[in-house]
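Inside the fold
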Amino acid sequence: MQIVVLGAGYVGLVSAACFAEFGHKVVCIDQDPKRIERLQKGEIPIFEPGLEELVAKNMHRGTLRFAGELAPVMQAADAVFIAVGTPARRGDGYADLTYVYNAAREIAQNLKRHTVIVTKSTVPVGTGREIARLIKETNPKAEFDVCSNPEFLREGSAINDFMRPDRVIIGCESARAEEVMKALYRPLYLMETPMVITALETAELTKYAANAFLATKITFINEIADLCEQVGADVQVVAKGMGLDGRIGRKFLHAGPGYGGSCFPKDTVALAKTAQDQGVPLRLVETTIDINAKRKKGMATRVILACGGSVKGKVIAVLGMTFKPNTDDMRDSVSLDVVPALQKAGALIRGYDPAGMKEAASLLKDVVWCQNPYEAMQAADAVVILTEWNEFRALDIQQMKAVLKQPVLVDLRNIYRKVDMKAAGFTYVSVGR
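Sequence order as written defines the numbering, with residues in each chain counted from 1. The predicted nature of this model means local features are confined to residues of pLDDT at least 70 and side-chain atom pairs, given and counted, to a pLDDT of 80 or more, with totals for whole chains, interfaces and linings taken over all residues. For side-chain calculations, the full set of non-hydrogen atoms in the structure is used, while hydrogens and water are omitted.

Some thoughts on the packing of helix H11 (residues 264-277) against helix H12 (residues 283-306)
- The axes are straight lines fitted to the C-alpha atoms, using for helices just the contacting stretch, and the angles between their N-to-C directions are given from 0 to 180°. Where helices and strands are cited, they refer to DSSP runs of H or I of at least four residues and of E of at least two residues respectively, numbered from the N terminus. Across the interface, H11 lies against H12 with an axial gap of 9 Å and an inter-helix angle of 145°. Note that H11 runs across H12; the crossing there is left-handed. For the pair H11 and H12, the contacting residues are Thr 268, Val 269, Leu 271, Ala 272 and Gln 276 in the first and Val 285, Glu 286 and Ile 289 in the second.
- Residues are sorted three ways: Asp, Glu, Lys and Arg are charged, Ala, Val, Leu, Ile, Met, Phe, Trp, Tyr, Cys and Pro are nonpolar, and all the rest, Gly among them, are polar. Partitioned by chemical class, the residues of the contact of H11 with H12 number five nonpolar, two polar and one charged. Throughout, a crossing is termed right-handed when the near helix is turned clockwise from the far one, and left-handed when it is turned anticlockwise from it by less than a right angle. Whether two residues are in contact is decided by their heavy atoms, any of which lying within 4.5 Å being enough.

Quick word on unusual backbone geometry
- Phi is positive for Asn 326, close to 65°, though the residue is something other than glycine.
- Relative to the assigned elements, Asn 326 resides in the loop between strand E9 (315-319) and helix H13 (335-344).
- Given the relative accessible area of 31%, Asn 326 is considered partly exposed.
- You will see that Asn 414, though not glycine, has its phi angle at about 55°, which is positive.
- The residue Asn 414 is located in the loop between strand E13 (408-411) and helix H17 (418-423) in this model. Throughout this description, buried means an accessible area under 20% of the type-specific maximum (1.4 Å probe, protein chains only), exposed means over 50%, and partly exposed covers the range between.

Comments concerning the pattern of salt bridges
- Whenever Lys or Arg places a side-chain nitrogen within 4 Å of a carboxyl oxygen from Asp or Glu, that contact is recorded as a salt bridge. Following the criterion strictly, the structure yields 25 salt bridges and no others.
- Note that Glu 37 is salt-bridged to Lys 41, the shortest N-O span being 3.5 Å.
- Owing to a relative accessible area of 43%, Glu 37 belongs among the partly exposed residues under this scheme.
- Put simply, Glu 178 and Lys 182 hold a salt bridge, and the shortest N to O gap is 2.9 Å. One end of the pair, Glu 178, and the other, Lys 182, are both in helix H8 (residues 175-184), four residues apart, so they sit about a helical turn from each other.
- A relative accessible area of 22% means that Glu 178 is categorised as partly exposed.

Limitation: the analysis is restricted to geometry and does not speak to function.
Below you can see the structure in the form of structure tokens.
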């Protein structure tokens, strides 16, 4: 089938590459000419394992190409995916749908035949209806259907999530649109991937509800971790005991410094705002948002206490800046709370991240950026692990001790065993243990 993807950002680029891998003819459109120029040269503007190879493969075989204008490719399109940004609106936290609605108007102006318009961006309930209204208003003679097809991509494993998803959610209201969407995802039928066909509003809400539940699950285990610290329990064992219950599951029960990233923070706020507008406030989600924000801000205090109550004039090595491993995404990363707080308390920061230092450097000032973990730890009074990159999981403990000025490790991801670090002579601080 012929597909157009509007937006060459994270979701759009991954979706375009994966649909091309399915064998569809895909054109990915973006209004940023520099981004399109880079993509046409095979340069990938984001860090996502396997994406560069997948893009190159499908460009070579002719199933994927990039362009800056929508009009020339619309006539052949069976489906157009809207995969533009929906950032939190400044001031009130609502999802900013400016880019989505601009895309809808542009699509309407170029509709030549029946086309399925699909929202891949995360959008609040009612957005699909508004897209349909805008298209009709802009082009009264247009033949189209609007569908909701929310993405469930995890940064760092997005390609596998697209190619082998737990489920595909499709919100549509005509048999014609349903058949187009099923045809697009036909390769997944071989793996018997569950397809949930439902109404627009239900599909839109499912995305928000899923993210809010996972954010709540993370926040729950973080609060249990705080209790574990007070009563002498081990949160990792508690989480294991909980997760073995099939009704609960083991995923997202890892205590840490709080959630961040491009989805959970903005989606929980947007869902809470929608619910408030409807007169049915989601108290659990609102509380989750509040707890998580306070938790991230409080992580610097753990570092300060591990350093004897003061970090003034001390050098702190920070390992990991991105909100999670296998991405260069800094959005709502805990490092954006911890590093400035430590600097405000008088600390000098030496930082390292395998993929995110370029982006981190634009957001965090007065940090000495290093080329590897041991350089960051050189003569430091303490080392803090903020992101659980694989290369931080097997650091040479003796080399760490040799380069550090003081053997202090604040492990906010519970990578190391408490007994091993104490045996090596470290002052070791973790979460919930």
